[in-house]
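Spelled out from the first residue to the last, the chains are:
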Amino acid sequence: PPLAATTIRKVHACLHQALRFAVKMRMLAYPPSADVDPPRMPRERKVRALSKAQLEAFLAAAAGDRWQALWMLAVQSGCRPEEILGLKWHRVLWDHSAISIEEVLIRPRKRNGGAAWWLDAPKTRNSRRIVTLPLPVMRALEKHRLKQNEEKAFYGAEYCDHGFVFASRKGEPVRDQRLSSEFFKAVLEKAGLPASTRLYDLRHSHASMMLAHGMDAKVVSERMGHSSVAFTLDVYVHLVEDQQKQAAQLLDRLFYGASAG
């Protein structure tokens, strides 16, 4: 079968780097790879996002769940799962009803003798950001903190306090695999939502809902921590196209008295 465009581009990049080094070492006068245009990347697939009604069903099913504050934060912040799991209490800005994203949690699938987890810089420069939150989310976080303090008191010296907002009963950071495959799936099933829904889809759902209800693309891009507004528009192009149709219908009504079709 033919190679995928992504594979060809990676091979081209590797060869081009090697040939440029050969030029630097005076082994070649010019890298022939520079005259080769790698294939274009296919257009990004439409993201999978839940509707407002589905999100409401999800949050209703999450009521009383141990991770209710996490689910609410995921839906209403648009943060990446690794940003949420890497969030520490001193990054919760209570007076401003917001959180500060400054690091992400990294948990390698295979340790190979290395560390079980560590904190790293966010995905992009723009990923370092302040995300404002609705008051119900802040209240859920406060309730979650009280319950976590009870666990600290119960386990005493056994509790390893790393300062994470979302931690195991003994203070260790949460494993994203277990969170997705066990806890998240249980809420999906209770809500009657598709089992194929991914935890990351809550992030897409947040951005989609904001854009669909007329939120400025720049604001959404900043909230999501995207590298640029252009990236946001490209990922959610189908929603922008829908808004363009709505704009045309509005102009019809304003100037020509046409009714929306």
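Residues numbered from 1 in each chain as written. Predicted model: local features only at pLDDT ≥ 70, side-chain atom pairs only at ≥ 80, totals over all residues. Heavy atoms only, no water.

### Considerations on the side chain of Ser-77
Which entries qualify depends on this criterion: Secondary structure elements are defined from DSSP: runs of H or I of at least 4 residues count as helices, runs of E of at least 2 residues count as strands, and each element is numbered from the N terminus. Burial classes: relative accessible area under 20% of the type maximum marks a residue as buried, over 50% as exposed, and values in between as partly exposed (1.4 Å probe, protein chains only). Under the rule applied, a polar contact is a pair of N or O atoms within 3.5 Å (in protein, one hydrogen donor and one hydrogen acceptor; residues adjacent in sequence only if both atoms are side-chain atoms).
Mapped onto the fold, Ser-77 is located in helix 3 (residues 68–77). For Ser-77, a relative accessible area of 0% puts it in the buried group. Separated by 2.5 Å, the side chain of Ser-77 and the backbone oxygen of Leu-73 make a polar contact. For Ser-77, the side chain forms a polar contact with the main-chain nitrogen of Cys-79, separated by 3.1 Å.

### Some details on the sheet that holds strand 2 (residues 98–101)
Remark on secondary structure: sheet strands pair via backbone hydrogen bonds, oriented parallel or antiparallel. The line we're drawing: In this analysis, strands are considered paired if DSSP registers two or more bridges between them.
Here three strands make up an open sheet; going across it, the order is 1-2-5 and the pairing antiparallel. With one partner strand each, in any of the chains shown, strand 1 (92–93) and strand 5 (129–132) form the two edges of the open sheet.

### A few points about unusual backbone geometry
The phi dihedral of Arg-26 is positive, around 65°, even though this residue is not glycine. Relative to the helices and strands, Arg-26 is located in the loop between helix 1 (5–24) and helix 2 (52–62). In the Ramachandran plot, Ser-97 falls in the positive-phi region, its phi being about 50° despite a non-glycine side chain. Within the fold, Ser-97 resides in the loop between strand 1 and strand 2. Accessibility expressed as a relative area gives 14% for Ser-97, which makes it buried.

### So, empty space enclosed by the protein
Applicable threshold: Here a cavity denotes a set of grid points, spaced 1 Å apart and computed over the protein atoms alone, in which a 1.4 Å probe fits but from which it cannot get out, and a pocket denotes an open set meeting protein on both sides within 12 Å along at least five of seven lines; residues with an atom within 4 Å of a point are reported as lining. Grid points are joined across faces, edges and corners, and a volume is the space filled by probe spheres set on the points.
Counted by the stated rule, this structure contains four cavities of 30 Å³ or more. Reported here for the largest cavity is a volume of approximately 70 Å³. The wall of the largest cavity is formed by Leu-70, Ala-74, Cys-79, Pro-81, Ile-84, Leu-85, Leu-179, Leu-199, Tyr-200, Leu-202 and Arg-203. Of all the secondary structure elements, the ones that give two or more residues to the lining of the largest cavity are helix 3, helix 4 (81–85) and helix 7 (201–212). The element best represented in the lining of the largest cavity is helix 4, accounting for three residues.

### Overview of the nonpolar core
For the record, the criterion: To define a nonpolar core, start from buried Ala, Val, Leu, Ile, Met, Phe, Trp, Tyr and Cys residues and group those joined through side-chain atoms within 4.5 Å.
If you look at the biggest cluster of nonpolar residues, it comprises 42 residues, and the most contacted ones within it are Phe-58, Trp-71, Ile-99, Phe-166 and Leu-202. For this core, the secondary-structure elements that each account for two or more residues are helix 2, helix 3, helix 4, strand 2, helix 5 (135–155) and helix 6 (176–191). Counting residues per element, this core draws most heavily on helix 3, at seven residues.

### Structural notes on the pairing of strand 2
The two faces of strand 2 match: Ala-98 and Ser-100 on one face and Ile-99 and Ile-101 on the other face are all buried. Where strand 1 lies against strand 2, two bridges are found, and the strand directions are antiparallel. Bridge pairing in strand 2 places Val-92 opposite Ile-99. Here strand 1 folds back onto strand 2 in antiparallel fashion, the turn holding four residues, of which Ser-97 has a positive phi close to 50°. As judged from the four bridges shared by strand 2 and strand 5, these two strands associate in the antiparallel manner. Residue pairing for strand 5: Ile-99 is matched across the bridge by Val-131.

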